[in-house]
Amino acid sequence: MTGLPTRELGALTVSAQGLGCMGMSHGYGASDDAQSTATIHRALDLGVTLFDTADFYGAGHNEELLGRALSGGRRERAVIATKFGFANRLGEPPLIRGDAAYVRQACDASLARLGVDHIDLYYLHRVDPSVPIEETVGAMADLVAAGKVRHLGLSEASARTVRRAHAVHPIAALQSEWSLWTRDLEAETAPVCRELGIGLVPFSPLGRGFLTGRVTSVEGLEANDVRRTQPRFADGNLERNLAVVDTLRVLAAEKGVTAGQLALAWVQHRGDDVVPIPGTRRETYLRENLAAATVELSADDLAAIDAAAPADGIAGTRYDEVSLAVVDR
């Protein structure tokens, strides 16, 4: 594999699949910077151009890691996407800020951690309900005018918010969770994005690794792995959801692919404006994920996958109540 197809996020051209870097610093156990850096370099060699991070991941560590990995001439080959909005990156509960002063402050801090002079795609990580989206996006637009940012994005925003934001400045991409077990944006948000020419960037397209079939119990996960506290991995829900993966595994075997590749190919087939960003810090899984970008699925294949993993057949909510409260705003 020497290259990947490209897709458009608004006016931004990127590889058809990106690399989510969060797990290299946050949420899934201990970090391994050397291994993560090698995976980022390999992703570039294999044709990945979109690399996704955020100031929240590892309280800045992830941006620093990505910046170092893309130094030494690699920066020009990469599209760097990062996010802001969680103002207390080390605190709980989450404090979200979208005021103009914080937008400027957060951007400058991210530029410094990344070691770059501009951010290719700058997302509002979560919407601040106390600040009109027009103020937030207006301040983000000022960053574009100043040359600090090239394109703007939103994350986990509602259809109404997306429309209001796009009226202030073109939004290139909406990043939201989208997979066989999280399909919330399909009813309203995705259609609005398509009406406005906004690309869709699904995170956790493998259901936090669950749809690969490699997670059968939380007991084997590290103590600080976020999946230990998520409802879909809880007793009762876990067993029901594993039955879905078992069915996917049978369908995948018929196609000569893994369950994870089948689930990821399903996301890739949601449309030419869809660029999933599966995360991994291991080259083996990187290669497996990238192979899914070119898996062909027929209409019958897609129907069989939908029947195996119906939207209403997943047990448990995707987040706990605190995290659910800050999405789709």
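To be clear, the structure that these remarks concern was listed above.
The rules we used
- Residues numbered from 1 in each chain as written.
- Predicted model: local features only at pLDDT ≥ 70, side-chain atom pairs only at ≥ 80, totals over all residues.
- Heavy atoms only, no water.
- Helix = DSSP H or I, 4+ residues; strand = E, 2+ residues; numbered from the N terminus.
- Rg over C-alpha atoms; globule rule 2.2 N^0.38 Å.
- Buried < 20%, exposed > 50% of the residue type's maximum accessible area, 1.4 Å probe, protein only.
- Contact = heavy atoms within 4.5 Å.
- Areas by Shrake-Rupley, 256 points an atom, 1.4 Å probe, with all protein chains shown as cover.
- Lys, Arg positive; Asp, Glu negative; His and termini not counted.
- Charge placed at Lys NZ, Arg CZ, Asp CG, Glu CD.
- Phe/Tyr/Trp six-rings, centres within 6.5 Å; stacked < 30°, edge-to-face > 60°.
- Pairing = 2+ DSSP bridges.
- Right-handed = clockwise from strand over helix to strand, strands pointing away.
- Arc of directions from axis to C-beta.
- Salt bridge = Lys/Arg side-chain N within 4 Å of Asp/Glu carboxyl O.
- Disulfide = S-S within 2.5 Å.

Peer 1: Before we move on, could you go through the overall build of the protein chain and cite the residues and values that matter?
Peer 2: The helix and strand tally for the protein chain stands at 11 helices and 9 strands. The C-alpha radius of gyration computed for the protein chain amounts to 19 Å, which stays within 12% of the reference 20 Å derived for 329 residues, consistent with globular compactness. With respect to the principal axes defined by its C-alpha atoms, the protein chain has extents near 50 × 40 × 40 Å. The buried share of the protein chain, taken over its 329 residues, is 57%. Look at the contacts in the protein chain between residues 6 or more apart in sequence, and 76% of them connect residues 24 or more apart. Accessible surface, the protein chain: about 13000 Å² in total, of which carbon and sulfur atoms supply 51%. Positive and negative side-chain charges of the protein chain, numbering 33 and 43 respectively, have mean locations separated by a distance of 3 Å.

Peer 1: Break down the packing of aromatic side chains for me, citing the residues and quoting the values.
Peer 2: All told, the structure shown has 5 aromatic pairs when counted by the stated rule. Relative to Phe-233, the ring of Phe-210 has its centre 5.6 Å away and its plane inclined at 90°; by these criteria the two rings are edge-to-face. With a gap of 23 residues between them, Phe-210 in the loop between β9 (199-203) and α7 (237-255) and Phe-233 in the loop between β9 and α7 connect regions that are remote in the sequence. Grouping residues by exposure puts Phe-210 and Phe-233 together as buried.

Peer 1: Pulling in residues and values, what's your account of the side chain of Ser-155?
Peer 2: Along the chain, the position of Ser-155 falls in strand β7 (residues 149-155). Given a relative accessible area of 1%, Ser-155 falls into the buried group. Residues contacting Ser-155, with those up to four places away along its chain left out, are Leu-124, His-125, Arg-126, Leu-174 and Gln-175.

Peer 1: Tell me about the pairing of β9, and name the residues and values.
Peer 2: Among the 5 residues that make up β9, 5 are buried, leaving the element largely enclosed by the rest of the structure. The side-chain alternation of β9 yields two buried faces, one formed by Gly-199, Val-201 and Phe-203 and the other by Leu-200 and Pro-202. Sheet topology note: the strand β8 (residues 171-177)/β9 ladder contains 5 bridges and is parallel. Note on β9: the bridge partner recorded for Gln-175 is Val-201. In terms of handedness, the path from β8 via helix α6 (residues 189-196) over to β9 forms a crossover that is right-handed.

Peer 1: Describe α6, naming the residues involved and giving the relevant values.
Peer 2: Listed as buried for α6 are Thr-189, Ala-190, Val-192 and Cys-193. Looking straight down α6, one finds its buried side chains confined to an arc of 160°; they lie on one side. Its buried side turned inward, α6 meets α5 (159-168), β8 and β9.

Peer 1: How would you sum up the pattern of salt bridges? Please name residues and give values.
Peer 2: Scanning all chains against the criterion turns up 23 salt bridges. In this structure, the salt-bridge partner of Glu-283 is Arg-42, at a minimum N-O distance of 3.3 Å. Placement of the pair is Glu-283 in helix α9 (residues 283-291) and Arg-42 in helix α1 (residues 33-45), with a sequence separation of 241 residues. Residue Asp-273 pairs with Arg-194 through a salt bridge whose shortest N-O separation is 2.8 Å. Taken as a pair, Asp-273 in the loop between α8 (259-268) and α9 and Arg-194 in helix α6 lie far apart in primary sequence, 79 residues in all. Using a relative accessible area of 36% as the deciding quantity, one classes Arg-194 as partly exposed. One continuous salt-bridge network, built from bridges that share partners, spans Arg-42, Asp-45, Arg-77, Glu-283 and Arg-287.

Peer 1: Help me get a handle on the environment of Arg-287, residues and values and all.
Peer 2: Within the fold, Arg-287 resides in helix α9. Distance from Arg-287 to Arg-42, taken between C-alpha atoms, is 9.1 Å for residues 245 residues apart in sequence.

Peer 1: Could you give me a rundown of α5, with the residues and numbers involved?
Peer 2: Within α5, the full set of buried residues consists of Ala-159, Thr-161, Val-162 and Ala-165. Viewed along the axis of α5, the buried residues span an arc of 155°, placing them on a single side of the element. Exposed residues lying more than 90 degrees from the buried face of α5 are Arg-160 and Ala-167. Considering only its buried residues, α5 is in contact with α4 (133-145), β7, β8 and α6.

Peer 1: Help me get a handle on the state of the cysteines, residues and values and all.
Peer 2: All chains considered together, the criterion is met by 0 disulfides. You can see Cys-107 has no disulfide; the closest cysteine sulfur is in Cys-21, sitting 18 Å from it. A relative accessible area of 0% means that Cys-107 is categorised as buried.

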